[in-house]
Amino acid sequence: MTSSDKKSLVDTIVGYRPPPVTKESAINFYAPAFGTLNYTFLSLNVMNPRLLQRIVPKPDLTNTFLFSSCLGSALFIAGRPHLSEAPIKLRIIFSVYGSVLFNTGSVLTWAIVRSLLPNNSSLATVAGLISGCLLTGCGIVYLNYNDKAIKANNK
């Protein structure tokens, strides 16, 4: 592929079409996407709790965001090729374990970062969003690496 064949980021975003809604896409795409949205709200809620309280004047939604984020990331992990040969019980155990570690580790990271930042809600919000993107990106790269390693070993 030459550099002229590569699409720009804007063209990629504008040309993106999500998969049609099926049982498989609901489990492997839409539920993880919903979990990612909740992960974003979780980062905002931990780093700047007053922001979401102003938007949604309901009781504390932290546990709701955490549960939804865990469910979405567990489904994302369970659908990965490197777990496709695992028995269903192990797939569930491994995906729940990875999801809980990722999400609670993120909450702990945000709490520590928040305590180290100056008392500035805008800075905390930006730090939460950026760190959430970095943590998510790192997790996806890690899972992709495992998928490739399994694929290479099966050749």
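Given the structure is predicted, the values throughout are model-derived calculations rather than measurements.

### Focus on helix α4 (residues 62–78)
Since the α-helix turns once every 3.6 residues, residues separated by three or four places project in the same direction. For α4, which comprises 17 residues, the first-to-last C-alpha distance of 24 Å matches the rise-based estimate of 24 Å (1.5 Å per residue) to within 8%. Of the positions making up α4, those classed as buried are Phe 65, Ser 68, Ser 69, Cys 70, Gly 72, Ser 73, Ala 74, Ile 77 and Ala 78.

### Notes on the layout of surface pockets
Here the idea is plain: a probe the size of a water molecule rolls over the atoms and shows the empty space left. Taken as a whole, the largest pocket encloses approximately 590 Å³ of empty space. Lining the largest pocket are 26 residues, and of these Ser 73, Phe 76, Ile 77, Gly 139 and Leu 143 sit closest to its centre. Elements that contribute at least two residues to the lining of the largest pocket include exactly α2 (23–47), α4, α5 (88–116) and α6 (121–153). A total of 7 residues in the lining of the largest pocket trace back to one element, the largest contributor, which is α2.

### So, the packing of aromatic side chains
Tallied over the full model, the rule gives 4 aromatic pairs. Aromatic pair Phe 29 and Tyr 30: ring centres 4.8 Å apart, planes at 85°, arrangement edge-to-face. You can call Phe 29 partly exposed: its relative accessible area is 29%. Ring centres of Tyr 39 and Phe 102 lie 5.0 Å apart, and the angle between their planes is 20°; on these two criteria the pair is classed as stacked.

### Here we look at α5
The first and last C-alpha atoms of α5 sit 42 Å apart over 29 residues, in line with the 42 Å expected at 1.5 Å per residue. Looking only at α5, the buried set comprises Ser 95, Ser 99, Asn 103, Ser 106 and Trp 110. As for α5, its buried residues are in contact with α2, α4 and α6.

### Here we look at the pattern of salt bridges
Working definition: two side chains of opposite charge can pair if their charged atoms are close together. All chains considered together, the criterion is met by 1 salt bridge. The salt bridge partner of Asp 147 is Arg 80, with a shortest N-O separation of 2.6 Å. Remark: Arg 80 occurs in the loop between α4 and α5 and Asp 147 occurs in helix α6; sequence separation between them is 67 residues. Here Asp 147 falls in the buried class, since its relative accessible area comes to 11%. By relative accessible area, which is 9% here, Arg 80 ends up buried.

### Considering empty space enclosed by the protein
All chains considered together, the criterion is met by 1 cavity of 30 Å³ or more. In this model, the largest cavity occupies a volume close to 50 Å³. Contributing to the lining of the largest cavity are Asn 45, Leu 52, Gln 53, Val 56, Lys 58, Pro 59, Asp 60 and Leu 61. Considering only residue class, the lining of the largest cavity consists of 4 nonpolar, 2 polar and 2 charged.

### Considering the packing of α5 against α6
Each pair of packed helices gets described by two things: the angle between the helix axes and the distance between those axes. It is at 11 Å that the axes of α5 and α6 come closest, and there the two elements cross at 145°. The handedness of the crossing between α5 and α6 is right-handed. Mapping the contact onto sequence places Phe 102, Ser 106, Trp 110 and Arg 114 in α5 and Ala 124, Gly 128, Ser 131, Gly 132, Leu 135 and Thr 136 in α6. Of the residues belonging to the contact of α5 with α6, the class tally is 4 nonpolar, 5 polar and 1 charged.

Criteria and cut-off values
- Residues numbered from 1 in each chain as written.
- Predicted model: local features only at pLDDT ≥ 70, side-chain atom pairs only at ≥ 80, totals over all residues.
- Heavy atoms only, no water.
- Helix = DSSP H or I, 4+ residues; strand = E, 2+ residues; numbered from the N terminus.
- Expected span 1.5 Å × (residues − 1).
- Buried < 20%, exposed > 50% of the residue type's maximum accessible area, 1.4 Å probe, protein only.
- 1 Å grid on protein atoms, 1.4 Å probe; cavity = no way out; pocket = protein on both sides within 12 Å on 5 of 7 lines; lining within 4 Å.
- Points joined across faces, edges and corners; volume = space filled by probe spheres on them.
- Phe/Tyr/Trp six-rings, centres within 6.5 Å; stacked < 30°, edge-to-face > 60°.
- Contact = heavy atoms within 4.5 Å.
- Salt bridge = Lys/Arg side-chain N within 4 Å of Asp/Glu carboxyl O.
- Nonpolar A, V, L, I, M, F, W, Y, C, P; charged D, E, K, R; others polar.
- Axes fitted to C-alpha atoms, helices over the stretch in contact; angles between N-to-C directions.
- Left-handed = near helix turned anticlockwise from the far one by under 90°.

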